[in-house]
Amino acid sequence: MAEDMALDLHELRQLESIAKRPRVVSLISSEISHLEKLSKEQTSDPLSTSTPIQTPISSGVKLPSSLPTNYVTLGSFSWDQDSDKVKIYVSLEGVEQEKIKSEFRATSFDVKFHDVQGKNYRCAIPKLNKEIVPEKCLVVVKPKRVIITLLKASKGNWLDIHFKEDKLKPNLDEKRDPMAGIMDLMKNMYDEGDEDMKKTIAKAWTDARSGNAADPLKGYR
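Here's a quick rundown of the structure. (Residues numbered from 1 in each chain as written. Predicted model: local features only at pLDDT ≥ 70, side-chain atom pairs only at ≥ 80, totals over all residues. Heavy atoms only, no water.)

A word on the overall build of the chain. Across its full length, the chain carries 4 helices and 8 strands. Its helices and strands in sequence order give the chain the pattern α-α-β-β-β-β-β-β-β-β-α-α, from N to C terminus. Here the chain holds 221 residues, and 22% of them are scored as buried. In the chain, of all internal contacts separated by at least 6 residues, the share reaching a separation of at least 24 is 53%. Just so you have it, the chain exposes about 17300 Å², and 53% of that area is on carbon and sulfur atoms. (Helix = DSSP H or I, 4+ residues; strand = E, 2+ residues; numbered from the N terminus. Buried < 20%, exposed > 50% of the residue type's maximum accessible area, 1.4 Å probe, protein only. Contact = heavy atoms within 4.5 Å. Areas by Shrake-Rupley, 256 points an atom, 1.4 Å probe, with all protein chains shown as cover.)

So, in C-alpha cells, the structure goes:
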C-alpha cells in the first residue's frame, strides 16, 4: 500500500507541473496534500500496516487436563431410611449443583463435588447393602450440606448401608463334611458373641476334643 501511495504522489506531482488551469492545479494540489498526510500517518504508526493478530474465540468449553484430579474422600456422614428410600447427609458447605458429578449403579454410587473452596471431594460406597434404582436417585444441595437420596429396588429395612455377608448363615454344600460346617458356624458365633457366648462355645470345643461331648450328628446319620 505504501508503494502505491508513493507512485500516486509522483504522478500527481508530474501532473501538477504541467497543469495550466488554476482549478485543475488546485484539485491536484489538494489530493497531493491528502496523500502526503496519509503517508506521514502510516510512517508514524507502523502497526497500522502490519497483519492484524487474530484473537482466538473462546467456546466456553474447557479442555480436560492431562493431570489426574485429586479428591478428598468423605468417609463420615449420617443416614436414615424409610421403606422406600435411603437418605445420606453429607456436611459440606460451598457446593454448587452444576459442579457435581454423580454415578449411580444397582449396588453402588459415587458422587464427586468439584471446586469446593479450592478442593475436590467425593462420597462413594462401592457395595451397598441391597440394590437401588439408579435412574431415580438424586443429589440435592442445601446451604450447609448435601443430601443423596437412594431409591430402594425393593421395599424393606436395611440393617446397614454397606453390604455385609451373613456370617451366621450355614454352608449348604452337600459335598462338604457336615461337621466342618458346624465348626464354621460355631467359630462365627464365637467371633460375633459376647463373653458368655465365647465361654460356652470354648467349653463345647474342649469337651468335643476330650471326647466328653455327644456326637452332634447322632440321630441324623
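Ordered by their spatial adjacency, 4 strands build an open sheet running S1-S6-S5-S4, and the pairing between neighbours is mixed. At either end of the open sheet lies a strand with only one pairing partner, and these are strand S1 (72-73) and strand S4 (100-105). In terms of strand pairing, S4 meets strand S5 (residues 108-116) through 6 bridges, oriented antiparallel. Bridged to Lys101 within S5 is Lys112. (Pairing = 2+ DSSP bridges.)

This part takes up a negative patch on the surface. Taken together, the side chains of Glu3, Asp4, Asp8, Glu11 and Glu31 present a region of like negative charge at the surface. Sorting elements by how many residues they give to the negative patch places helix H1 (residues 2-18) first, with 4 residues. Considering the arrangement of structural elements, one finds Glu31 in helix H2 (residues 22-44). Since its relative accessible area comes to 35%, Glu31 is described here as partly exposed. (Patch = residues over 30% accessible without salt bridge, like charges linked within 9 Å, V, L, I, M, F, W, Y side chains within 5 Å. Salt bridge = Lys/Arg side-chain N within 4 Å of Asp/Glu carboxyl O. Lys, Arg positive; Asp, Glu negative; His and termini not counted. Charge placed at Lys NZ, Arg CZ, Asp CG, Glu CD.)

Grouped together as the largest cluster of nonpolar side chains are 24 residues, with contacts concentrated most on Phe109, Phe113, Ile148 and Leu150. At the level of secondary structure, the elements contributing two or more residues to this core comprise strand S3 (85-91), S4, S5, strand S6 (119-125) and strand S8 (145-151). Per-element tally for this core: the top contributor is S5, with 4 residues. When near neighbours in sequence (up to four residues on either side) are disregarded, Ile148 contacts Val86, Lys87, Ile88, Val90, Phe104, Phe109, Val111, Cys123, Leu138 and Val139. Core analysis: the next-biggest nonpolar cluster, separate from the first, contains 7 residues, Leu9, Ile28, Ile32 and Leu35 among them. (Core = buried A, V, L, I, M, F, W, Y, C linked by side-chain atoms within 4.5 Å.)

Another aspect to go through is the sheet that holds strand S2 (residues 78-81). With antiparallel pairing, the 4 strands of this open sheet are ordered in space as S2-S3-S8-S7. Whereas interior strands pair on both sides, the edge strands pair on one side only; in this sheet they are S2 and strand S7 (138-141). Taking each pair of neighbouring strands and ignoring which way they run, the sheet shows an average axis angle of 20°. Relative to S8, S3 runs antiparallel, the two being bridged by 7 bridges. In the sheet register, Tyr89 faces S8, and the bridge partner there is Ile147. (Axes fitted to C-alpha atoms, helices over the stretch in contact; angles between N-to-C directions.)

Scanning the entire structure with this criterion turns up 7 salt bridges. The residue Asp82 makes a salt bridge to Lys85 at a minimum N-O spacing of 3.0 Å. The class for Lys85 is partly exposed, based on a relative accessible area of 28%. Connected through salt bridges with shared partners, the residues Glu96, Lys99 and Asp115 form a single ionic network.

Moving on, we come to the pairing of S6. Across 2 bridges, the pairing between S1 and S6 is parallel. Residue pairing across strands places Thr73 opposite Arg122, the latter belonging to S6. With 6 bridges joining them, S5 and S6 adopt antiparallel strand pairing. Among the inter-strand pairings, Val116 is bridged to a residue of S6, identified as Lys119. Hairpin connection of S5 to S6: 2 residues between the antiparallel strands, including Gln117 at a positive phi of 55°.

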